[in-house]
Amino acid sequence: MKYAVQGAEPGIWTLAIAACGVGALILLVRRIGGRQQAKNRIARARKRRDESLQRAEQTVRQYRDSHPSMDPSLILSLSLAELTEQLQEGSLSPEDVFYSYMEKALDVDKKLNCCTGVLLESLDQLKALDSSKKGLLYGVPVSIKENFGYKNHDSSCGLIKRLEQPAKADCVIVEVLKRQGAIPFVKTNIPQGLLNYDCSNPIYGQSLNPHNLQKTSGGSSGGEGGLIGRGGSILGVGTDIGGSIRIPSSFCGICGFKATSGRLSSRGISAGCSGQKSVLASPGPMAKDVDSLALCMQALLCDHMFSLDPTLPPLPFNMKVYQSSRSLRIGYYVNDGFTQPSPSMARAVREVKVLLERAGHTLVPYSPPRIKYATIELMIKGILADGATTMLGNLKGGPVDPTLASQILPYCLPHVVKKFLSVLIKPLFPRISGTLYALCGVGSISNLWQQHNSVEEYIHETIEEWRRCNIDVLLCPMIGPAYNFFYCGKLTCVLSYTMLYNLLNFPAGAVPVSTVTAEDEEELKHYKGNYQDLWDKLFKQAVAGGEGLPVAVQCVALPWQDELCLRFMKEVEQVVKQKKK
């Protein structure tokens, strides 16, 4: 028997080696096949986009040829309030407005690569537009972020695995926009997976900044920021989970508003990581001025939205609060203690503080409570509670965009390696050490519940601090100016300025107030940072060369006080305009 087994051993080993070889070959074939499948999906998506752009160009040419007297420059120069008034009066036709913005959007897209496709159904909607001129946004072309559900169109979130899964129905916000007479006409670009504040993905490529083509538009609502910033859309809607409306608004020099989560419907809007409850996402409007944001909120907060999504509190827009002129008690800070702001960020807050005081408001120093703890233990550990498993899973089936590669590199490390490295570098780089450990996630369901409880406690701690300071609203820095390429994924630490208000679920908005000066650039040369670590050095590099780029401030209010936040944003906008006169 022994000899029989010994004699069989070579045959068994041969079979085992052959089996391993066949298995490896199958895996290789599948991998090659998967890559080819991804390439084919990307090619088909690009073809759909290009065909929609070409079709739109043809219809614009045909309309221009048959309406030679149309003056797009006049239409494009109007504010949203002026445009809606003239559409309601009938002094402007919806057709002239639609084709003026379609033509401009196509031109802007050629320069900035900000659109993922034209919604050709908008041509049919234009023809069927109710002549009774119903709706606050009657005849207004509106751009929508790619992840907003629009029937028969993808909401891929820049993920290859989600291509060719068209929405079966419009999302609630798109339905309400249509009911209010608006015409969604283009979808705009996003970063891969949405959890990044650049604007590039392997399907549609990199979107550029409207003020400097060597800079990013920001993200994740970066296509919106670029298109509106360059005049290709008068009103857009985006989503915000860590600054994704406010950052591109800041980078592109427009206004953007993140509503209290739960004030506007998110039904039918795709997310990068659904189910995460610690750091809340919220949709909101983006436009050139604050009045346009308020008009959009007024249009959306209607009975039709509350009927379509009964989970929302039926709170119509409170125009009385928005139009109030009472003096405000305003908290402010220049440095959150986690990331030192760029010189232009800090200057913007200081200058606006002075202007608000001159306008009769009271400014009170404020500091965010325990910002390092909130950023690392609540924000990072909350948004990546599963150790980034969902995010990494979303990226399977295709290439990772270069703008995201450096961000996900530490996510891919085994937890034991992350923890070891965290302990190793803690004496020299405490901020990076804590963040690396937080990337391991919460570890268990009981820990997740405790994490949720800690978030609730921190929210109440912050509200108590507001009450102690007796403030109505808060003025604080807004990330900027626009970065050089490939830095957003390396600098998630800077999101302490914006993600904090997703964690707290406070409404917040960005308002452009200045531009980067030569003095700002000179001061940047001496920038050291709060921690003087690698991230501080990278931030200095990211914002370098920004002279002339827009600079914004951030305005914040307590939960459900969205109208007060917008009123404060309007106040900031007005005092800055008065200074320029």
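Residues numbered from 1 in each chain as written. Predicted model: local features only at pLDDT ≥ 70, side-chain atom pairs only at ≥ 80, totals over all residues. Heavy atoms only, no water.

Q: When you look at the overall build of the protein chain in this model, what are you seeing that I'm missing?
A: Along the protein chain, the regular secondary structure elements total 22 helices and 13 strands. On C-alpha atoms alone, the protein chain measures out to a radius of gyration of 25 Å, which is about the 25 Å that the 2.2 N^0.38 rule sets for 581 residues. For the C-alpha atoms alone, the extent of the protein chain along its principal axes is close to 100 × 60 × 50 Å. In the protein chain, which comprises 581 residues, the share counted as buried stands at 57%. (Helix = DSSP H or I, 4+ residues; strand = E, 2+ residues; numbered from the N terminus. Rg over C-alpha atoms; globule rule 2.2 N^0.38 Å. Buried < 20%, exposed > 50% of the residue type's maximum accessible area, 1.4 Å probe, protein only.)

Q: Help me understand the nonpolar core in this model?
A: A general feature of soluble globular proteins is that nonpolar side chains tend to end up buried together. Counting 169 residues, the largest nonpolar core has Tyr483, Leu491, Leu500, Tyr501 and Val572 as the members making the most contacts within it. Leaving out residues up to four positions away in the same chain, tyrosine 501 has contacts with Arg246, Lys258, Tyr333, Leu474, Cys476, Phe506, Ala508, Gln554 and Val556. Ile42, Ala45, Ile160 and Ile203 belong to the second largest nonpolar core, which has 7 residues in total. (Core = buried A, V, L, I, M, F, W, Y, C linked by side-chain atoms within 4.5 Å. Contact = heavy atoms within 4.5 Å.)

Q: Just to check I follow, could you spell out empty space enclosed by the protein for this structure?
A: A water-sized probe, rolled over the atoms, reveals where empty space remains. What the rule picks out here adds up to 1 cavity of 30 Å³ or more. In this model, the largest cavity occupies a volume close to 50 Å³. In terms of lining, the largest cavity is formed by Ser342, Pro343, Ser344, Pro481, Val516, Asp520, Glu521, Leu524 and Val543. Among the elements of the structure, helix H12 (343-358) and helix H20 (518-524) are those that each provide at least two residues to the lining of the largest cavity. Ranked by residues supplied to the lining of the largest cavity, first place goes to H20 with 3 residues. (1 Å grid on protein atoms, 1.4 Å probe; cavity = no way out; pocket = protein on both sides within 12 Å on 5 of 7 lines; lining within 4 Å. Points joined across faces, edges and corners; volume = space filled by probe spheres on them.)

Q: Just checking my understanding: could you explain the environment of glutamate 461 for this structure?
A: Residue placement: glutamate 461 occurs in helix H18 (residues 445-469). Linking glutamate 461 and leucine 500, residues 39 residues apart in sequence, is a C-alpha distance of 13 Å. Glutamate 461 has contacts with Pro369 and Arg370, leaving out every residue within four places of it along the chain. At 2.6 Å, the side chain of glutamate 461 and the side chain of arginine 370 are in polar contact. (Polar contact = N/O pair within 3.5 Å; in protein donor to acceptor, adjacent residues only side chain to side chain.)

Q: I tried to follow helix H21 (residues 534-543) on my own but got confused; where do I start?
A: Since one α-helical turn is 3.6 residues long, residues separated by three or four positions face the same way. Here H21 has its buried residues at Trp535, Asp536, Leu538, Phe539, Ala542 and Val543. One side of H21 holds all its buried residues, which, seen down the axis, span an arc of 160°. Where H21 is buried, its residues touch H12, helix H17 (430-438) and H20. You can read the cap of H21 off the contacts: a side-chain oxygen lies 3.2 Å from the backbone nitrogen of tryptophan 535, and it is on aspartate 533. Positive phi shows up at glycine 545, right after H21, with a value of about 75°. (Arc of directions from axis to C-beta.)

Q: What is the right way to look at the confidence of the model for the protein chain in this model?
A: As a general rule, the predicted coordinates of low-pLDDT regions are not to be interpreted in detail. On average, residues of the protein chain score 94 in pLDDT, and 94% of them are at 70 or above. Here residues 1-8 scores under 50 on pLDDT; set against residues more than four positions off or in separate chains, the count is 0 contacts. In the model, residues 25-30 has pLDDT below 50 throughout and makes 0 contacts with residues more than four positions away in sequence or in other chains. (pLDDT = per-residue confidence, 0-100.)

Q: Could you clarify how one ought to interpret the state of the cysteines in this entry?
A: Note on terminology: a disulfide is the covalent bond linking the sulfur atoms of two cysteines. In this structure the tally under the stated criterion is 0 disulfides. Looking at cysteine 255, it has no disulfide partner, and the nearest cysteine sulfur is the one in cysteine 555, 9.2 Å off. The exposure class of cysteine 255 is buried, given its relative accessible area of 1%. Here cysteine 565 is not disulfide-linked; the sulfur of cysteine 555 is the nearest cysteine sulfur, at 6.2 Å. Taking the relative accessible area as the measure of exposure, cysteine 565 reaches 0% and is therefore buried. (Disulfide = S-S within 2.5 Å.)

Q: Please clarify how the pairing of strand E11 (residues 473-477) should be interpreted in this entry.
A: The two faces of the sheet receive side chains in turn, since in a regular strand these alternate between them. Burial runs high along E11: 5 of the 5 residues are buried. The pairing of E11 with strand E13 (residues 550-556) spans 4 bridges and is antiparallel. Bridging across to E13, cysteine 476 finds its partner in glutamine 554. (Pairing = 2+ DSSP bridges.)

Q: Is there a simple way to explain unusual backbone geometry in this structure?
A: Of note, the amide linkage connecting glycine 219 to serine 220 takes the cis form, showing an omega dihedral of 10°. Locating serine 220 in the fold gives a position in the loop between strand E5 (205-206) and helix H7 (222-229). A cis amide bond, omega 0°, links glycine 480 with the succeeding residue proline 481. Structurally, proline 481 can be placed in the loop between E11 and helix H19 (500-503). Phi at asparagine 152 takes a positive value of approximately 70°, unusual for a residue other than glycine. Secondary-structure assignment places asparagine 152 in the loop between strand E2 (141-145) and helix H6 (172-179).

Q: Explanation requested: the packing of helix H13 (residues 371-383) against H17 in the structure shown.
A: What describes two packed helices is the angle between their axes and the distance between those same axes. Where H13 meets H17, the axes come as close as 9 Å, and the angle between the chain directions of the two elements is 25°. When the interaxial angle is binned, H13 and H17 end up roughly parallel. When the axes of H13 and H17 are compared, the crossing they make is right-handed. In contact with Lys372, Ile376, Ile380 and Lys381 of H13, H17 contributes Pro430, Arg431, Gly434, Thr435 and Ala438. Looking at the contact of H13 with H17, its residues break down into 4 nonpolar, 2 polar and 3 charged. (Axes fitted to C-alpha atoms, helices over the stretch in contact; angles between N-to-C directions. Parallel < 35°, antiparallel > 145°, perpendicular 65-115°, else oblique. Left-handed = near helix turned anticlockwise from the far one by under 90°. Nonpolar A, V, L, I, M, F, W, Y, C, P; charged D, E, K, R; others polar.)

Q: Looking at this structure, how should I read the pattern of salt bridges?
A: Oppositely charged side chains may form a pair once their charged atoms are brought near each other. In this structure the tally under the stated criterion is 27 salt bridges. Put simply, arginine 263 and glutamate 563 hold a salt bridge, and the shortest N to O gap is 2.8 Å. A residue pair is termed long-range when its members are at least 10 positions apart, and arginine 263 in the loop between strand E7 (255-258) and strand E8 (282-287) and glutamate 563 in helix H22 (residues 562-580) qualify at 300 residues. Of the two residues examined, arginine 263 and glutamate 563, each falls in the buried class. (Salt bridge = Lys/Arg side-chain N within 4 Å of Asp/Glu carboxyl O.)

Q: Looking at this structure, how should I read the sheet that holds strand E6 (residues 235-240)?
A: The strands making up a sheet associate through backbone hydrogen bonding, with each pair oriented either parallel or antiparallel. One open sheet holds the 11 strands; their spatial order is E1-E3-E2-E6-E8-E7-E12-E13-E11-E9-E10, and the pairing between them is mixed. The two strands at the open ends of the sheet, each matched to only one other strand, are strand E1 (115-118) and strand E10 (362-365). The mean angle between the axes of side-by-side strands here comes to 30°, regardless of whether they run parallel or antiparallel. Here strand E12 (residues 508-515) runs beside E13; their pairing, made up of 7 bridges, is antiparallel. Residue alanine 510 lies in a different strand from E13, and its bridge partner there is glutamine 554. Where helix H9 (residues 290-300) meets the sheet, its contacts fall on E6, E7, E8 and E12, and the angle it forms with E8 comes to roughly 135°. Sheet strands touched by H22: E7, strand E9 (329-332), E11, E12 and E13. Its angle to E12, the strand with the most contacts, is close to 5°.

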